[in-house]
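Observations on the three-dimensional arrangement
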Amino acid sequence: MTIELPESLVQRIHAIAARKGQTPADLLGDLLAEVEAHTSEVPGTVAAPGTLDALIEVAERTNLGATDAVDTSIRSREILHGEFADYLKSRMEHNDDASTD
């Protein structure tokens with residue numbers, strides 16, 4: 001089988017393979033395996049741990065989700081004016097205490 005690639009890409013593949021001590025074919029095989037491992041949409045693959053895809057898979061498997069539509073903007077002003085303001089105030093008080101020591 002022959003795949004036509006731009007010469008600049010072929011040179012990059014050879015250079016990276018040489019740096020890693022691999023053949024170009026091995027390098028491309030490893031790269032494809034990595035892409036497949038990180039792409040949960042490919043049948044038979046599992047998302048890499050710690051990725052958003054992995055989180056989505058767990059949420060779907062455990063039926064985790066809201067039954068109603070969630071609009072976080074409804075509470076955004078409340079959070080900014082209340083909880084976040086309290087957090088900033090406590091940090092400022094903590095910094096004032098540290099500077100008086």
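Please read all numbers here as calculations on a predicted model, not as lab measurements.

Section: the overall build of the protein chain
- Looking only at helices and strands, the protein chain features four helices and zero strands.
- The helix and strand sequence of the protein chain, counted from the amino end, reads α-α-α-α.
- Counting only carbon and sulfur atoms, one obtains 58% of the accessible surface of the protein chain, whose full area is about 8,900 Å².

A closer look at the layout of surface pockets
- Reported here for the largest pocket is a volume of approximately 150 Å³.
- Among the elements of the structure, helix H1 (7-20) and helix H2 (24-37) are those that each provide at least two residues to the lining of the largest pocket.
- A per-element tally of the lining of the largest pocket places H1 first, with four residues.
- The residue inventory of the lining of the largest pocket, partitioned by class, reads seven nonpolar, one polar and no charged.

What about the environment of isoleucine 79?
- Considering the arrangement of structural elements, one finds isoleucine 79 in helix H4 (residues 73-99).
- On the basis of relative accessible area, isoleucine 79 is assigned to the partly exposed category, the value being 31%.
- Apart from the residues lying within four places of it in its own chain, the contact partners of isoleucine 79 are Phe84 and Ala85.

Details of helix H3 (residues 52-61)
- Ala54, Glu57 and Ala59 are the residues of H3 that are buried.
- In the stretch just after H3, asparagine 63 is the one whose phi turns positive, near 55 degrees.

What about a nonpolar patch on the surface?
- A cluster of nonpolar residues, Ile79, Leu80, Phe84, Tyr87 and Leu88, forms a patch on the protein surface that exposes about 450 Å² of accessible area.
- Within the secondary structure, leucine 88 is located in helix H4.

Criteria and thresholds
- Residues numbered from 1 in each chain as written.
- Predicted model: local features only at pLDDT ≥ 70, side-chain atom pairs only at ≥ 80, totals over all residues.
- Heavy atoms only, no water.
- Helix = DSSP H or I, 4+ residues; strand = E, 2+ residues; numbered from the N terminus.
- Areas by Shrake-Rupley, 256 points an atom, 1.4 Å probe, with all protein chains shown as cover.
- 1 Å grid on protein atoms, 1.4 Å probe; cavity = no way out; pocket = protein on both sides within 12 Å on 5 of 7 lines; lining within 4 Å.
- Points joined across faces, edges and corners; volume = space filled by probe spheres on them.
- Nonpolar A, V, L, I, M, F, W, Y, C, P; charged D, E, K, R; others polar.
- Buried < 20%, exposed > 50% of the residue type's maximum accessible area, 1.4 Å probe, protein only.
- Contact = heavy atoms within 4.5 Å.
- Patch = residues over 30% accessible without salt bridge, like charges linked within 9 Å, V, L, I, M, F, W, Y side chains within 5 Å.
- Salt bridge = Lys/Arg side-chain N within 4 Å of Asp/Glu carboxyl O.

Nothing here speaks to function; it is geometry throughout.
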